[in-house]
Amino acid sequence: MTAARALRAIDLYSGIGGWSLGLRLAGIEVVASYERWGPANETNFKNNHHLAQTVDIRRLSFADLPDGIDIVVGSPPCTQFSLSNRGGNGDLEEGLEDIITFLRVVDHLKPKVWAMENVPRVAPIITKELQNGGRLHRFSHLGVHTHILNMEEFGLPQRRRRCVAGNFDIDLLRDYGSRLGCSTLGEVVTALSQDTVCDPLYGLSIPKAQLVDHVPEVALNPEELRINRASKTAHPVYNAMPFPDRMERAVRTITATCTRVSRESIVIAPLEAPQSTRRLTIRERASLQGFPITFQFYGATYSQKLKMIGNAIPPAFTYLMGHVFRGTGAAALPPLSRHAEQLHAPDPPPVLTPPDRPGSQYPPNRSFRFAIQSLQLKSGVRFELRNRSVGGWTNWSVNFYFGTPKNIIALQMDEDLRIHLSKVLPSSLRRRVDALLAQVSTYIGEADIENMQRVWTHKGVGGTRPFMLLDELDRTGQRMVELLQSEPEIAGAVIDAAIAVRFGDERPVVGLAKLGRNAPIIAAGLFIGSSANTMLQACQAGAAGRSAKTLSC
Ligand SMILES: C[S@@+](CC[C@H](N)C(=O)[O-])C[C@H]1O[C@@H](n2cnc3c(N)ncnc32)[C@H](O)[C@@H]1O
């Protein structure tokens, strides 16, 4: 009796081979993979030992594809569909082009089974385009079903949601998922910190000294912590998220970029050193993405390695897909640890790429734009301190935005507005408001506004950091809101006056009701913003005058 031959697969848009590895461990022969990015292909080839072709798939001729293919898998690029691309306004036509290319290959090879991964946003687009007259309608005979899957439900320590489309047995896949346990960020970080590192998913062990790309970076400095915390816990538009990231649950989506201060960056306070808040190492990100600890990333730079890992499909998930393709019953599914012996680090190892360091170069026009927390409503209504650099000169001001995310309205605040608003107040309240505003004016008058940008760009010394001014505005904001909360009707009249002064007969049609419902906060912001801007303008005009005098001397 001849042994059944292994199923044969190809991997399109294969990146570093997340599909290829999982399928290989599931006993499927990955005959070839296709990818145009050289370093990704090198990574795939060195780890998976199969033909990884560097090609533009859009130009691939059907004649160059292998025969006898049972399975087609792949992950066409998601860039155009991703919400992080131009706020979700990527070029959908361009993105569809790669999905069409993928489906054309499926249509040509007629495999028994196929699967295509992308971001969740693609699911409704595919469904719509499959309909009569749609751009994918001609592929409807391929049995296209779309599923939104969360990797966390398949044993991964990551809450990564992805659309997986295809004609595979989704019930069997879900059956596997229901039998797998949950794993957490903390388990991965702890496992990788031991002297003998036991892979949290694959069970193999290696001495810590052999763990590559696991260099914990310098802890975030106070400024980076502040920016990180603000963007996560007090974002004026997006939902609040925990900071630092919670260790006792699966991690948020591992993305393709991660600066030291961005909202999407995952920041941890490790149990063994809770004071040293830091980003994850490349190795931690790889394990959270379901790669074995022996897998090596042949990127030339730290950011190339981040990109490879963030773009990949987790092989611990594609392993399950491989078994779905083979039809392995859930009770017979071998655990990943059964394959530990097949996992060896390729030789030679990749180049070392240490993480970037704090205080790297900031441009002279480094942007500062943070909401004053006590004066902030959700959905984008906010008073913010920001800088604007024009022609080598930076101006600081407090700005007010309201309206809707699609129709953001700015209301200019200055001395003229403050005088108008002041007239709305009865004299006893006016005295108390003026006393608080005097504190803001005094603070700004004594602050070193002239050098604030220099301090912010780490280019020199100065007496005032912008966050110090932001905190002062926040403190006064709290007191002013408390004061006006006892006079909500007067606060409402202040808002009416501001709208009348700034917009006259051209009153905005959106956002006013929300201002009215939060009148004490908005009125407080209008007073503080107008006073602060008056004083900031005076300081900046003085500084500009001094600088002009120096030039003329
Ligand atoms: C989402 S990633 C695929 C990730 C892959 N599944 C993995 O596990 O690493 C999409 C990949 O498509 C590649 N790509 C984009 N356009 C391509 C094209 N026209 N031809 C070949 N590869 C392309 C990108 O370089 C990228 O690596």
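Residues numbered from 1 in each chain as written. Predicted model: local features only at pLDDT ≥ 70, side-chain atom pairs only at ≥ 80, totals over all residues.

## Here's the deal with the overall build of the chain
Along its length, the chain carries 17 helices and 15 strands. In terms of overall dimensions, the chain has C-alpha extents of about 100 × 60 × 50 Å along its principal axes. The long-range share in the chain, meaning contacts at least 24 apart out of those at least 6 apart in sequence, stands at 69%. (Helix = DSSP H or I, 4+ residues; strand = E, 2+ residues; numbered from the N terminus. Contact = placed C-beta atoms within 7 Å.)

## Some details on the sheet that holds strand E12 (residues 369–371)
Strand order in the open sheet made by the four strands is E12-E13-E14-E15, with antiparallel pairing throughout. Looking at which strands have only one partner, the edges of the open sheet turn out to be E12 and strand E15 (407–411). The average angle at which neighbouring strand axes cross in this sheet is 35°, direction not considered. Bridge count for strand E13 (residues 382–390) against strand E14 (residues 393–404) is nine bridges, and the pairing is antiparallel. In the strand pairing of E14, Arg388 is matched with Asn395. (Pairing = 2+ DSSP bridges. Axes fitted to C-alpha atoms, helices over the stretch in contact; angles between N-to-C directions.)

## What to know about the packing of helix H1 (residues 18–25) against helix H10 (residues 315–326)
The N-to-C vectors of H1 and H10 enclose an angle of 50°; their axes lie 7 Å apart at closest approach. The orientation of H1 relative to H10 falls into the category oblique. Like other packed secondary-structure pairs, H1 and H10 cross with a definite hand, here right-handed. For the pair H1 and H10, contact is made by Gly18, Trp19, Leu21, Gly22, Leu23 and Leu25 and by Pro315, Phe317, Thr318, Tyr319, Met321 and Gly322, respectively. (Parallel < 35°, antiparallel > 145°, perpendicular 65-115°, else oblique. Left-handed = near helix turned anticlockwise from the far one by under 90°.)

## Focus on the site of the ligand
Neighbouring residues of the ligand: 20 residues in total, closest Gly15, Gly18, Arg36, Ser75 and Ala312. Looking at the shell around the ligand residue by residue, the classes come out as 10 nonpolar, six polar and four charged. (Near = placed C-beta within 6 Å. Nonpolar A, V, L, I, M, F, W, Y, C, P; charged D, E, K, R; others polar.)

## Section: the packing of helix H5 (residues 170–179) against H10
Between H5 and H10, the least distance of the axes is 9 Å, while the angle of their chain directions is 135°. One element, H5, and the other, H10, form an angle in the oblique class. For the pair H5 and H10, the sense of crossing is right-handed. Listed contacts from H10 to Leu172, Leu173 and Tyr176 of H5 are Leu320, Met321 and Val324. Residues that form the contact of H5 with H10 fall into these classes: six nonpolar, no polar and no charged.

## Thoughts on the sheet that holds strand E6 (residues 145–150)
Read across the sheet, seven strands follow the order E3-E2-E1-E4-E5-E7-E6 without closing on themselves; strand pairing throughout is mixed. Strands with a single pairing partner mark the edges of an open sheet, and in this sheet they are strand E3 (51–54) and E6. Here the strands of the sheet are splayed against their neighbours by 20° on average, with no regard to which way each runs. Taken together, the five bridges between strand E1 (residues 8–12) and strand E2 (residues 29–35) define a ladder with parallel strand orientation. Paired with Arg8 across the two strands is Glu29, which belongs to E2. Each of E1, strand E4 (71–74) and strand E5 (113–118) touches helix H3 (residues 92–109); the most contacted strand, E4, lies at about 175° to it.

## Things to note about the nonpolar core
Proteins that are soluble and globular tend to have nonpolar side chains buried together. Within the largest apolar cluster, 83 residues are counted, with the highest numbers of intra-cluster contacts made by Ala9, Ile71, Val72 and Phe317. Here this core takes seven residues from H10, the largest share from any one element. Once you skip the residues sitting within four places of it in the chain, Ile71 turns out to touch Leu7, Ala9, Ile28, Pro111, Lys112, Val113, Trp114 and Phe325. Among the nonpolar cores identified, the runner-up in size contains 47 residues, and Phe402, Leu469, Leu526 and Leu536 belong to it. (Core = buried A, V, L, I, M, F, W, Y, C linked by C-beta atoms within 7 Å. Buried ≥ 20, exposed ≤ 12 C-beta atoms within 10 Å, placed from the backbone.)

## Notes on the domain arrangement of the chain
For interface size, the figure often reported is the accessible area lost on association. What the domain assignment lists for the chain is domain 1 (8–180 + 314–331) and domain 2 (369–552). Domain 1 and domain 2 are separated by 51 Å when their C-alpha centres are compared. (Domains from an automatic or database assignment.)

## So, helix H15 (residues 488–503)
The end-to-end C-alpha distance of H15 is 22 Å, a good match for the 22 Å that 16 residues give at a rise of 1.5 Å each. For H15, the full list of buried residues reads Ala491, Val494, Ile495 and Ala498. The arc that holds the buried residues of H15, viewed along the axis, is 95°, so those residues lie on one side. Turned more than 90 degrees from where H15 packs its buried face, Glu489 and Ala500 sit exposed. (Expected span 1.5 Å × (residues − 1). Arc of directions from axis to C-beta.)

## Some details on the pairing of E1
The element E1 is largely enclosed, with a buried count of four among its five residues. Each parallel crossover has a hand, and the one from E1 via H1 to E2 is right-handed. Two strands pair when backbone bridges link them, and E1 and E4 are joined in this way by four bridges, in the parallel orientation. Of the residues in E4, the one forming a bridge with Ile10 is Val72. (Right-handed = clockwise from strand over helix to strand, strands pointing away.)

## A short note on unusual backbone geometry
The omega angle of the peptide bond from Phe243 to Pro244 is -10°, so this bond is cis rather than trans. Within the element layout of this structure, Pro244 appears in the loop between helix H7 (222–233) and strand E10 (267–268). Cis geometry is adopted by the peptide bond preceding Pro348, which originates at Asp347 and carries an omega value of 0°. For Pro348, the location among the structural elements is in the loop between H10 and E12. Although it is not a glycine, His458 adopts a positive phi angle of roughly 60°. Of note, His458 is situated in the loop between helix H13 (452–456) and helix H14 (466–485). Judged by the 13 C-beta atoms lying within 10 Å of it, His458 falls in the partly exposed class.

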